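Here is how the chains run, residue by residue.
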Amino acid sequence: MYEIWLTLNILFELGLMYLPVVVGTAALWLVLMVVAARRGKPAWCKAIKPAIVVGLVVTAITFAITPGLTQSSFANVSYWVDWGNLLLYAASFGAVGAALAWPLAATMCRQA
Amino acid sequence: MTVPAGKAGASIKTSARIVIAGSGLAGIAVANRLARELDGASITIVDRKEVHNYQPGYTLVATGVWPVDKVIDRNSDLQPRGIEWVKEMVAEFDPDANAVVTDSGRRIGYDYLIVATGVHLDYSQIEGMDVDAIGRNGLTSVYPSSDAAVATWKAMDEFRRKGGKALMTLPATPIKCAGAPLKTTFMLVDRLRQAGTLASSEVSFHSALGVVFSVPKINDKVLADWAAQNVEVVFNSKLVGVDIAARRATLVTPDGQRVEEDYDFIHVVPPMRAPDAVKNSPLAWQEGNFAAGGWLEVDRQTLRHRRYPNVFGLGDINGTPRGKTAATVKKSVPMVTQNLIDVIAGREPSQLFDGYTSCPMILREGSAMLIEFDYDGKLTPSLPMIDPMQESYFAWVMKYRLLKPAYMAVAKGRV
């Protein structure tokens, strides 16, 4: 339990360190959701598939570039814990990408 | 005074006067916890320092990984509201009179005292050493300040371009962040390798002890890695002097034989001891292994002073085995907070500290080992499925990106 509490605190402090980015991303998502909801009839269900595709692409890109962005390289990623955490980290960004893509896709695919 | 029965950490009413000597991580963290958990207490921090340095980041700055601004914060941003901050240094402890005296002569009484002064870097034991000269003539030292860390990287950057003879040192005293001398050596080797000058360089590590790290398994691993990297290790060789202009070090063996070594690059790790205010006070160990350094005489489990029951110790100042790291502070601050609350409430301390400490041992740029151990040198990984001896990118990311946020959460008294 302590490790979970510690992890949450680390994420909170990271959020504080990158507060403008966090707030900006959240605001952008809200704007996209409001725009999608107000423009015709957004196709929320139909938009899930393209949102997941975008999320997977963002995950793959994040996975590929993260070691380099952290002054390391894939040569140092050898332990299963390394692969697991890298995947989790990339998937987190993928989830954000999917969340942003969802209202956009819903707007584009809206029903007449 | 009311204490909710059986509720560890619950808020209690008290008019106790609590003085905290020192505003490093330990002092700030315990202040935040006490301010939250005590209702009505008068809490005073005595420390002049306005800048709060994230010292675990010094090795990253000194080896060119981080810019210096990542290790500089302000104490005023971290301290809790409602406490008194006396911007002076404790010059004298008078525990028989329950008072401290500051360097301006101000006398501050207390009911309870927490000593968190940190260590004194005793460069004066190295003849010819000048902290202000760090960064020039190949002289480096990661310990004294963020400026010294920047200067160390400047000198390392110059050295790696040409290569040459590097002399790394380790004193015989207990030191804070015992991994720092080793990390600096690993990173120097990596920087030379990256610059293509490793083959034409000679790196030697002079330990004033018979080991390079106090945990046998880690010691063996480091020595094996260095053997593979052609880092020569000289045991029982203590740095006692440095001629900065001539780039010549004087080392001494246990039988008193003095050896002079020329170098192009030297990393000086100073002997460390308690600050004079503690060392010269009744609070210091009077006999035993910790007496020479004047370390605080605390019970190693409760961290309560062994002779003055209203005094506790936190952080690097404690005369306890191993563990002068931020990780030790992380684990021990909640315990000392609760033990102090217990004592205020008229109970015996309930929390027993096992000496937990941790060292993200950087092995090269991009890889590290996350070592955790206790007083006895037993490896104690927080997550049992993770092998502490495994070289890992994740451990590097911990050091590079995650431990500073963890440190901030500790300072704010949340973890």
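Small disclaimer: the values here were computed from a predicted structure and weren't measured.

## Focus: the overall build of chain A
The number of helices and strands found in chain A is 4 helices and 0 strands. Written out in order from the N terminus, the α and β elements of chain A read α-α-α-α. Computed over the C-alpha atoms, the radius of gyration of chain A is 17 Å, more than 25% above the 13 Å expected from 2.2 N^0.38 for a compact globule of 112 residues. With the C-alpha coordinates of chain A rotated into their principal frame, the extents come out at 50 × 30 × 25 Å. Each of the 112 residues in chain A was classed as buried or not, and the buried ones make up 21%. Summarising the internal contacts of chain A: among those between residues at least 6 apart in sequence, 85% fall at separations of at least 24.

## Details of the overall build of chain B
Counting its secondary structure elements, chain B contains 9 helices and 24 strands. Judged by the C-alpha coordinates and their principal axes, chain B covers about 70 × 50 × 40 Å. In chain B, which comprises 415 residues, the proportion classed as buried is 52%. When contacts within chain B are restricted to residue pairs at least 6 apart in sequence, those whose partners lie at least 24 apart make up 65%.

## What to know about the interface of chain A and chain B
Opposite the 19 residues of chain A that make contact, chain B presents 22 residues. For the side of chain A that touches chain B, the secondary structure elements donating two or more residues are helix 1 (2-17) and helix 4 (80-108) of chain A. Looking at the side of chain A that touches chain B element by element, the count peaks at 8 residues for helix 1 of chain A. Of the residues that constitute the side of chain A that touches chain B, the class distribution is 9 nonpolar, 7 polar and 3 charged.

## Section: the confidence of the model for chain A
When pLDDT is averaged across chain A, the result is 94; 98% of the residues are at 70 or more. The secondary-structure element of chain A with the lowest mean pLDDT is helix 1 of chain A, recorded at 95, while helix 3 (residues 48-69) of chain A shows the highest, at 98.

## Observations concerning the nonpolar core
Among the nonpolar cores identified, the biggest contains 134 residues, and Ile 18, Ile 20, Val 30, Val 115, Leu 314 and Val 410 of chain B are the most heavily contacted of them. For this core, the element with the highest residue contribution is helix 9 (residues 393-411) of chain B, accounting for 13 residues. Both domains that furnish three or more residues to this core are identified here as domain 1 (12-48 + 87-119 + 274-354) and domain 2 (123-272) of chain B. If we ignore the near neighbours within four places in the chain, the residues touching Ile 18 of chain B are Leu 34, Ala 41, Ser 42, Ile 43, Tyr 110, Asp 111, Tyr 112 and Ile 114 of chain B. Counting residues in hydrophobic clusters, the runner-up holds 8 residues, among them Ala 47, Ala 98, Ala 101 and Trp 102 of chain A.

## Concerning the domain arrangement of chain B
Residue and element names in this part refer to chain B. On domain assignment, one finds that chain B holds domain 1 (12-48 + 87-119 + 274-354) and domain 2 (123-272). Each of domain 1 and domain 2 has a C-alpha centre, and these two points are 33 Å apart. Here the side of domain 1 that touches domain 2 is composed, by residue class, of 1 nonpolar, 2 polar and 3 charged.

## A few points about the environment of Gly 294 of chain B
Residue and element names in this part refer to chain B. Its location among the elements puts Gly 294 in the loop between helix 7 (276-279) and strand 22 (311-313). According to the C-beta neighbour criterion, Gly 294 is buried, with 23 such atoms within 10 Å. Taking the C-alpha atoms as reference points, Gly 294 and Gly 319, 25 residues apart in sequence, are found 8.1 Å from one another. Aside from chain neighbours lying at most four places away, what touches Gly 294 is Arg 273, Ala 274, Val 278, Lys 279 and Ala 284.

## Examining the confidence of the model for chain B
Per-residue confidence for chain B averages 96 on the pLDDT scale, and 98% of its residues sit at or above 70. The low-confidence segment residues 1-9 of chain B (pLDDT under 50) makes 13 contacts with residues lying over four places distant or belonging to another chain.

## Some details on the sheet that holds strand 7 (residues 84-86) of chain B
Two orientations exist for strands paired in a sheet by backbone hydrogen bonds: parallel and antiparallel. Residue and element names in this part refer to chain B. Pairing is parallel in the open sheet, where 5 strands are placed in the order 7-4-2-11-22. The sheet is open, and its two edges are formed by strand 7 and strand 22, each paired on a single side. For this sheet the average axis-to-axis angle between neighbouring strands, irrespective of direction, equals 20°. Strand direction decides the pairing type here: strand 4 (residues 42-46) and strand 7, joined by 3 bridges, are parallel. Opposite Thr 44, over in strand 7, you have Glu 84 as the bridge partner. Where helix 1 (residues 25-37) meets the sheet, it contacts strand 2 (17-21), strand 4 and strand 11 (112-115), and its direction lies at approximately 170° from that of strand 4.

## What about the packing of helix 1 of chain B against helix 8 (residues 326-344) of chain B?
All names here are of chain B. Where helix 1 meets helix 8, the closest approach of the two axes is 9 Å, and the angle between their N-to-C directions is 35°. Handedness of the helix 1/helix 8 crossing: right-handed. Where helix 1 abuts helix 8, its residues Leu 25, Ala 26, Ala 29, Val 30, Arg 33, Leu 34 and Glu 37 lie against Ala 326, Val 329, Val 333, Pro 334, Val 336, Thr 337 and Ile 341. Residue composition of the contact of helix 1 with helix 8, grouped by class: 11 nonpolar, 1 polar and 2 charged.

## What about helix 3 of chain A?
An ideal rise of 1.5 Å per residue puts 32 Å on 22 residues; helix 3 of chain A measures up with 30 Å between its terminal C-alpha atoms. Taking the largest bend as the criterion, helix 3 of chain A deviates by roughly 30°, centred on Phe 63 of chain A, and proline Pro 67 of chain A comes between one and four positions later. Turning to helix 3 of chain A, the residues buried within the fold contact helix 4 of chain A together with helix 9 of chain B.

## Describing the sheet that holds strand 13 (residues 139-140) of chain B
Reading across from one edge, 13-20-14-15-16 (chain B) is the order of the 5 strands in this open sheet, with parallel pairing throughout. Looking along the sheet, the strands with just one partner apiece sit at the ends: strand 13 and strand 16 (232-234) of chain B.

Rules used in this analysis
- By convention here, each chain's residues receive numbers from 1 onward along its written sequence.
- Chain labels run from A onward and ligand labels from 1 onward, assigned in the order the entries are written.
- The predicted nature of this model means local features are confined to residues of pLDDT at least 70 and side-chain atom pairs, given and counted, to a pLDDT of 80 or more, with totals for whole chains, interfaces and linings taken over all residues.
- Put simply, DSSP marks the helices as runs of H or I at least four residues long and the strands as runs of E at least two long, and each gets a number from the N terminus on.
- What the globule rule says is 2.2 Å times the number of residues to the power 0.38, and the radius of gyration is computed from C-alpha atoms.
- Exposed residues have 12 or fewer other C-beta atoms within 10 Å of their own C-beta, buried residues have 20 or more, and residues in between are partly exposed; the C-beta atoms are placed from the backbone.
- Throughout, a pair of residues is in contact if the C-beta atoms placed from their backbones lie within 7 Å.
- In this classification, the charged set is Asp, Glu, Lys and Arg, the nonpolar set is Ala, Val, Leu, Ile, Met, Phe, Trp, Tyr, Cys and Pro, and all remaining amino acids, among them Gly, are polar.
- Values of pLDDT, the confidence the predictor places in each residue, fall between 0 and 100.
- Definition of nonpolar core: a set of buried Ala, Val, Leu, Ile, Met, Phe, Trp, Tyr and Cys residues joined via C-beta atoms within 7 Å.
- Each domain span listed reflects an automatic or database assignment of domains.
- Pairing between strands is defined by DSSP: at least two bridges between the two strands are required.
- Every axis corresponds to a line fitted to the C-alpha atoms, with the helix fit spanning only the stretch in contact, and the corresponding angles, defined between N-to-C directions, vary from 0 to 180 degrees.
- Handedness of a helix crossing follows the sense of rotation of the near helix relative to the far helix, less than a right angle counterclockwise being left-handed and clockwise being right-handed.
- Helices are assigned an expected span. That span is 1.5 Å times one less than the residue count.
- Bending is quantified residue by residue as the angle between axes fitted to the seven-residue window ending at that residue and the seven-residue window starting at it.

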